[in-house]
Amino acid sequence: MTVVDAMERMSGLHPGFRRTHALGRCYDAVFTPSGAAAAYTTAAHLRSEPTPAIVRYSNTAGDPAEPDGGTPVVRGMAVKFLSPETDLVSLNVPVFMASTPAKFLDMTRALTDQPKGSRQRADAVIAFITANPESAHAFQEAATIPVPESYATIRFWAQHAFVWVGPDGTCRFVRYRWEPDAGLRHLRAEDTADWVPGHLLDELTDRLGRAPVSFTLKVQFAGPEDPTADPTQPWPDDRPEIDAGRLEIVKPVADQEFWDRTVFDPTRLTDGIELSDDPVLAYRKQAYAEGHRRRAAGR
Ligand code: HEM
């Protein structure tokens, strides 16, 4: 069984939708670099000129009919810079739940072998974390995410290390984080229990008619001993950071169907940025391609 099969087993088949992050919406955006990254990477979209981008916000559920509020929900912010084309895919959790693709498959199977909401499924999660203690941090974070006021008030992390190649050829490990310029704002979970699927997508679309929405791209540099191959492990908060630029979300894209069909592939990089030695990051390329192949075939 592949990870994509396991995802289908977890959420059921919803033809044409993504296997996970099924319900989302795409927005036109513009990224304006601050200039601070130019000393560390030759990546063209991070140097000086503004570049257009497409952003897809989503609820992580594989079932597009899952409610949007009431409980902690993992959410996504996938950014496709258009010139040059390169993708940056992030979640509202700082670290990932599995340190290798094989462990992610184990975890997904452990969950789906038991009925949703059952005591047995809860026990399977505990057994997985006991066997893989490095995963505890992400589970803890995911279980305690507050319900946000808006997609405009969430912090998102790309989790993996990437390599920046500078103008003089120097390589540095970095991690990305999107900070909402509106600040972090949450609601009481009980006040959001009646939210319909896609509630926060509608909220964001409405908000854009009233106020600008933007995020600052923070880039953290690794210390010499920081793990680069394990997305379950954060780097210490005191590592140096720069503000690489500001992403302004403008309006929903005119051709929602076209952009929703598109893949946001975290391994689609550009000159000046390379994959790190993280095996989960490398694995995502084939998983996203397979997920896309199935949904494009109407499955
Ligand atoms: C073994 C690890 C992972 C696997 C197998 C996996 C698999 C997938 C698949 C199959 C999709 C649907 C792709 C499509 O149909 O276009 C997806 C979407 C997504 N994943 Fe992952 N994923 C993994 C790790 C991660 C990590 C580490 C993050 C974030 C740091 C992440 C964030 C997202 C987001 C935001 C989407 C929605 C993208 C969009 O809006 O198009 N995933 N994932």
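No experiment lies behind these values; they were computed from the predicted model shown. (Residues numbered from 1 in each chain as written. Predicted model: local features only at pLDDT ≥ 70, side-chain atom pairs only at ≥ 80, totals over all residues. Heavy atoms only, no water.)

Got a minute to help me understand the environment of Asp-87 in this structure?
Assignment of secondary structure puts Asp-87 in strand β4 (residues 85-91). Residue contacts for Asp-87: discarding those within four places in its chain leaves Val-79, Lys-80, Val-263, Phe-264, Asp-265, Pro-266 and Arg-268. Engagement of the side chain of Asp-87 in a polar contact is seen with the side chain of Lys-80, the distance being 3.0 Å. Within the structure, Asp-87 has its side chain in polar contact with the backbone nitrogen of Asp-265 (distance 2.7 Å). (Helix = DSSP H or I, 4+ residues; strand = E, 2+ residues; numbered from the N terminus. Contact = heavy atoms within 4.5 Å. Polar contact = N/O pair within 3.5 Å; in protein donor to acceptor, adjacent residues only side chain to side chain.)

It is not clear to me how the site of the ligand should be interpreted in this structure. Could you clarify?
In the vicinity of the ligand, 26 residues are found, and the nearest of them are Arg-18, Arg-56, Arg-284, Tyr-288 and Arg-295. A distance of 3.2 Å separates a nitrogen atom of the ligand from a polar atom in the side chain of Arg-284. Residue Arg-295 places a side-chain N or O atom 2.7 Å away from an oxygen atom belonging to the ligand. Listed by contribution, the elements that provide at least two residues to the shell around the ligand are α1 (3-11), β3 (75-82), β4 and α7 (279-296). Element by element, the count of residues in the shell around the ligand is highest for α7, at 8 residues. Classifying every residue of the shell around the ligand by side-chain character gives 14 nonpolar, 8 polar and 4 charged. (Near = heavy atom within 4 Å. Nonpolar A, V, L, I, M, F, W, Y, C, P; charged D, E, K, R; others polar.)

Can you help me understand the UniProt feature "domain: Catalase core" (unreviewed entry) in the chain in this one?
Sites flagged by UniProt as "domain: Catalase core" (unreviewed entry) map to residues 4-299. What you have in residues 4-299 is 26% helix and 26% strand, and the ends, taken at the C-alpha atoms, are 12 Å apart. (UniProt positions renumbered as here; feature names shortened; annotations may be inferred.)

What's the story with the pattern of salt bridges in this structure? I'm lost.
Close approach of charged atoms allows side chains of opposite charge to pair. Under the criterion given, the structure shown has 33 salt bridges. Two residues, Arg-9 and Asp-113, come together in a salt bridge whose shortest N-O distance is 2.8 Å. Remark: Asp-113 occurs in the loop between α2 (101-112) and α3 (119-131) and Arg-9 occurs in helix α1; sequence separation between them is 104 residues. Residues Arg-185 and Glu-149 are paired through a salt bridge, measuring 3.0 Å at the closest nitrogen-oxygen approach. With a gap of 36 residues between them, Arg-185 in the loop between β8 (171-180) and β9 (186-187) and Glu-149 in the loop between β5 (147-148) and β6 (156-157) connect regions that are remote in the sequence. Through salt bridges that share partners, Asp-5, Glu-8, Arg-19, Glu-290, Arg-293, Arg-294 and Arg-299 make up one connected network. (Salt bridge = Lys/Arg side-chain N within 4 Å of Asp/Glu carboxyl O.)

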